[in-house]
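Below are the chains, spelled out letter by letter.
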Amino acid sequence: MEADLETLLRSLRVWDTELPAFDPGAAPEAPLPLFVEWFAAAVAAGQPEPHTPSLATTDAEGRADVRTVMLHGADADGWHFASHAGSAKGRQLAARPYAALGFYWPAQGRQVRLRGPVRTAPAEVAQADLHARSTGALASALVGHQSELLPSQDALVRASEEAWKRATREPDATVASWTVYELDPEEVEFFQGDERRRHVRLKYRRQEDGWVKELLWP
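In this report, we go over the structure that sits alongside the text.

Quick notes on the rules
Residues numbered from 1 in each chain as written. Predicted model: local features only at pLDDT ≥ 70, side-chain atom pairs only at ≥ 80, totals over all residues. Heavy atoms only, no water. Salt bridge = Lys/Arg side-chain N within 4 Å of Asp/Glu carboxyl O. Helix = DSSP H or I, 4+ residues; strand = E, 2+ residues; numbered from the N terminus. Buried < 20%, exposed > 50% of the residue type's maximum accessible area, 1.4 Å probe, protein only. Pairing = 2+ DSSP bridges. Core = buried A, V, L, I, M, F, W, Y, C linked by side-chain atoms within 4.5 Å. Contact = heavy atoms within 4.5 Å. Expected span 1.5 Å × (residues − 1). Arc of directions from axis to C-beta. Patch = residues over 30% accessible without salt bridge, like charges linked within 9 Å, V, L, I, M, F, W, Y side chains within 5 Å. Areas by Shrake-Rupley, 256 points an atom, 1.4 Å probe, with all protein chains shown as cover. Axes fitted to C-alpha atoms, helices over the stretch in contact; angles between N-to-C directions. Parallel < 35°, antiparallel > 145°, perpendicular 65-115°, else oblique. Left-handed = near helix turned anticlockwise from the far one by under 90°.

Observations concerning the pattern of salt bridges
Inference 1: As enumerated under the stated definition, the model contains 16 salt bridges in all.
Inference 2: Across the pair E187 and R115 runs a salt bridge whose closest N-O atoms are separated by 3.1 Å. Taken together, the positions of E187 in strand β8 (residues 187-192) and R115 in strand β6 (residues 110-120) put the pair 72 residues apart, joining distant regions of the chain.
Inference 3: Salt-bridge contacts for R166 lead to E170; the nearest nitrogen and oxygen are separated by 3.6 Å.
Inference 4: Beyond isolated ion pairs, a larger network of salt bridges with shared partners links R119, E182, D184 and R206.

Okay, structure coming up:
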């Protein structure tokens, strides 16, 4: 029997667990330390894949696009992710170097949202990033052609097998199109869910002399 979407939706519950408290008055003056704290808490809470945010970009015509990526790091230069320069996201960031990242950690009823300009890291940083990852990651990068039309699944299998052989044979192989992107946020929002829907929303907004913290209505 075909599932009734509305019935399924109404049967679902969110945050069916004890949620942590969040005192925005005790938050640090900059967002990065709080992000690291929340990320560590998500890992400790058993949140699956807490390092896979949604990345939103726009194309040259201003049409929105979104996909899931992997966080490769966060520091004073920004939040880092990587992709091929010729991928859809790479082309969109080349045309409009501004994006948003959204982390959702339902194990603790938390979200972190960031948006700001995006720049590319130097090529040597991208290659070091690639070679610090698994053989599978290098093989996937060597396959290339991300976002291009695939003529058949067999074509992917053949290309993947050849890439695996090369990645095993040449673990330091370079992939010229591999690019590390750095999102340097202008705004970072921390959302803590509350079972009575008195959610806490704390936004950091960058100014010339540092960060200002603001509370938002849920």
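Section: the pairing of strand β1 (residues 54-58)
Inference 1: Here β1 shows a buried face lined by L55 and T57 and an unburied face lined by S54, A56 and T58.
Inference 2: Joining the antiparallel neighbours β1 and strand β2 (residues 64-68) is a turn of 5 residues, in which G62 adopts a positive phi near 85°.
Inference 3: Note: β1 against strand β5 (residues 98-105), 3 bridges, orientation antiparallel. For S54, the partnering residue across the bridge sits in β5 and is G102.

Some thoughts on the nonpolar core
Inference 1: If you look at the biggest cluster of nonpolar residues, it comprises 26 residues, and the most contacted ones within it are F103 and V112.
Inference 2: For this core, the secondary-structure elements that each account for two or more residues are α2 (31-44), β4 (78-84), β5, β6, β7 (178-183), β8 and β9 (200-207).
Inference 3: Look past the residues within four positions of F103 in its chain and what remains in contact with it is F35, P50, P53, L71, W79, R110, Q111, V112 and L114.
Inference 4: Ranked by size, the runner-up nonpolar core spans 15 residues in total, among them L130, L142, A173 and V180.

Structural notes on helix α6 (residues 153-169)
Inference 1: In a regular helix each residue adds 1.5 Å, so 17 residues correspond to 24 Å; α6 covers 24 Å between its end C-alpha atoms and thus fits that length.
Inference 2: Within α6, burial applies to A155, A163 and A167. The arc that holds every buried residue of α6, seen down its axis, measures 90°, which confines them to one face. Projecting away from the buried face of α6 at angles above 90 degrees are the exposed residues D154, R158, E162, T168 and R169.
Inference 3: Check the buried side of α6 and you find it contacts α5 (135-143).

Observations regarding helix α4 (residues 123-131)
Inference 1: Of the residues making up α4, those classed as buried are A126, Q127, D129 and L130. Along the axis of α4, the buried positions cluster into a sector of 160°, meaning they face one direction only.
Inference 2: Contacts from the buried residues of α4 go to β4, α5 and β7.

Describing unusual backbone geometry
Inference 1: Of note in the backbone geometry, E49 takes a positive phi value of approximately 45° without being a glycine.
Inference 2: By the element assignment, E49 lies in the loop between α2 and β1.
Inference 3: Overall, the relative accessible area of 55% leaves E49 in the exposed class.
Inference 4: A positive phi angle is found at R197, which is not glycine, with a value near 65°.
Inference 5: Here R197 lies in the loop between β8 and β9.
Inference 6: Accessibility expressed as a relative area gives 47% for R197, which makes it partly exposed.

Looking at a nonpolar patch on the surface
Inference 1: A surface patch of nonpolar side chains, amounting to about 340 Å² of accessible area, comprises L5, L9 and L12.
Inference 2: Here L9 shows up in helix α1 (residues 5-11).

Thoughts on the packing of α5 against α6
Inference 1: Interhelical geometry of α5 versus α6 gives an angle of 125° and a closest axis separation of 8 Å. In terms of axis orientation, α5 runs oblique to α6. In this structure, α5 crosses over α6, and the sense of that crossing is right-handed. Contacts between α5 and α6 involve T135, G136, L138, A139, L142 and V143 from the first element and A159, S160, A163, W164, R166, A167 and T168 from the second.

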